[in-house]
Amino acid sequence: MRYADEQSLQRADIAATHAAALRSIARVVEDAGFVQDAAEASAGITDMLRTGNVLVLTGAGVSTDSGIPDYRGPNGSLRCHRPMTYQEFKYDAGARHRYWARSYVGWRQMKLAAPNVVHFALAELEEAGAMSGVITQNVDGLHNAAGSQNVVTLHGDLSKIECLDCGFIENRTSLDDRLEAANPGYLERLNDQELQVNPDGDVDLSDSFIADFQMVGCLSCGSEKLKPNVVYFGENVPVERKENMRQMLADARSLLIVGSSVAVMSGYKLVLDALRSGKPVGIINAGPTRADHKATYVWRTDARSALENLIDELL
């Protein structure tokens, strides 16, 4: 009976965590009518950067010009695509198979994405001493590709694959080569279809294409429980990464949000921690954010326009 009770409690815990993850995914940041004068906000954020040692938190809005859609913007992927939760990925073999079929196709576009003006501008500001580093919620690796040095990937990155059974780590390029060998002609069948990659690196496919896809196993143990080394909704950010973020914020003079609605608690908590420490918080985002009424400066504009303006002012 004790074993049965433990199993029942485990299933209940998994279900509760999955339900909480779905609520987080579905969270919509409503426009509460908050308005701050754009000139005042831009001047305040410029002064923050001129003072230096600004920690920057970025979201999907910095990568839209690289062809990767955001989650919650006007054209965000959440309008037609729900990301998979960690509980679905780990415990549902069918859901895992769907993800890998879609990700195998989406990786073609994801790996071709290049840094845009925003990524390069942030790297320049870091080099000039205006910024102390970047914490990014994105998993595309574009900050590093643009030359940013002090980067913490809050939610991991898509370039590494982890086996959930034995922990073996494989490079995504290696896995992709093996998937291509296991699925000859698969991609060619999709040549006449226009597919939009989602922020988490997959695309929507028909059930027939998903059924035809052949998955490969872990190079170490043979398990097909392979997972991108990213933090899914319903999964905890690694403790070491949280500590790195805490230290970066402690060492910074201020916090700047760029291209994020900070709807997810991991990002919003950074804002709250900064404010508790008496640090100014600036926001650059095209739409409303969860922190609008708390931030020191809120510049309601797209990331590219703002960063081009800031580079002209500061460099």
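Above this note sits the structure.
Residues numbered from 1 in each chain as written. Predicted model: local features only at pLDDT ≥ 70, side-chain atom pairs only at ≥ 80, totals over all residues. Heavy atoms only, no water.

Student: Quick question: what am I supposed to make of the overall build of the chain here?
Tutor: The number of helices and strands found in the chain is 11 helices and nine strands. Out of the 315 residues belonging to the chain, those deemed buried represent 50%. The long-range fraction of contacts in the chain, counting pairs at least 24 apart against all pairs at least 6 apart in sequence, stands at 74%. For the chain, the accessible area works out to roughly 14900 Å², and carbon and sulfur atoms hold 48% of it. (Helix = DSSP H or I, 4+ residues; strand = E, 2+ residues; numbered from the N terminus. Buried < 20%, exposed > 50% of the residue type's maximum accessible area, 1.4 Å probe, protein only. Contact = heavy atoms within 4.5 Å. Areas by Shrake-Rupley, 256 points an atom, 1.4 Å probe, with all protein chains shown as cover.)

Student: Can you walk me through the layout of surface pockets in this structure?
Tutor: Vacant regions in the atomic arrangement are exposed by a probe of water-molecule size rolled over the atoms. As a volume, the second largest pocket reaches approximately 190 Å³. For the lining of the second largest pocket, the elements supplying multiple residues, two or more each, are α4 (93–110), α6 (142–146) and β4 (156–163). Here the lining of the second largest pocket takes three residues from β4, the largest share from any one element. In the lining of the second largest pocket, the residues fall into six nonpolar, four polar and three charged. (1 Å grid on protein atoms, 1.4 Å probe; cavity = no way out; pocket = protein on both sides within 12 Å on 5 of 7 lines; lining within 4 Å. Points joined across faces, edges and corners; volume = space filled by probe spheres on them. Nonpolar A, V, L, I, M, F, W, Y, C, P; charged D, E, K, R; others polar.)

Student: How do you make sense of empty space enclosed by the protein when you look at a structure like this?
Tutor: Applying the stated criterion to the full structure yields one cavity of 30 Å³ or more. Looking at the largest cavity, its volume works out to about 30 Å³. Lining the largest cavity we find T136, N138, D140, G141, L142, H143, N144, V151 and T153. Sorting the residues of the lining of the largest cavity by element identifies α6 and β3 (151–153) as the ones contributing at least two each. Looking at the lining of the largest cavity element by element, the count peaks at three residues for α6.

Student: So what exactly am I meant to see when it comes to the environment of F213 here?
Tutor: Looking at the secondary structure, you find F213 in the loop between α8 (207–212) and β6 (226–230). Since its relative accessible area comes to 1%, F213 is described here as buried. Separated by 115 residues in the primary sequence, F213 and R98 place their C-alpha atoms 8.7 Å from one another. Discounting chain neighbours no more than four positions away, the residues touching F213 are H97, W100, A101, Y104, L179, N183 and Y186.

Student: Explain the packing of aromatic side chains here, please?
Tutor: For any pair of aromatic rings, geometry is given as the distance between the ring centres together with the angle between the planes. Tallied over the entire structure, the rule returns eight aromatic pairs. Ring geometry for Y104 versus Y186: centroids 6.0 Å apart, planes at 50°, classification tilted. Pair noted here: Y104 is in helix α4 and Y186 is in the loop between α7 (172–182) and α8, with a separation of 82 residues, a long-range link. Of note, R172 hangs over the ring of W107, and the distance from its end group to the ring centre comes to 4.5 Å. (Phe/Tyr/Trp six-rings, centres within 6.5 Å; stacked < 30°, edge-to-face > 60°. Lys NZ or Arg CZ within 6 Å of the ring centre and 35° of its normal.)

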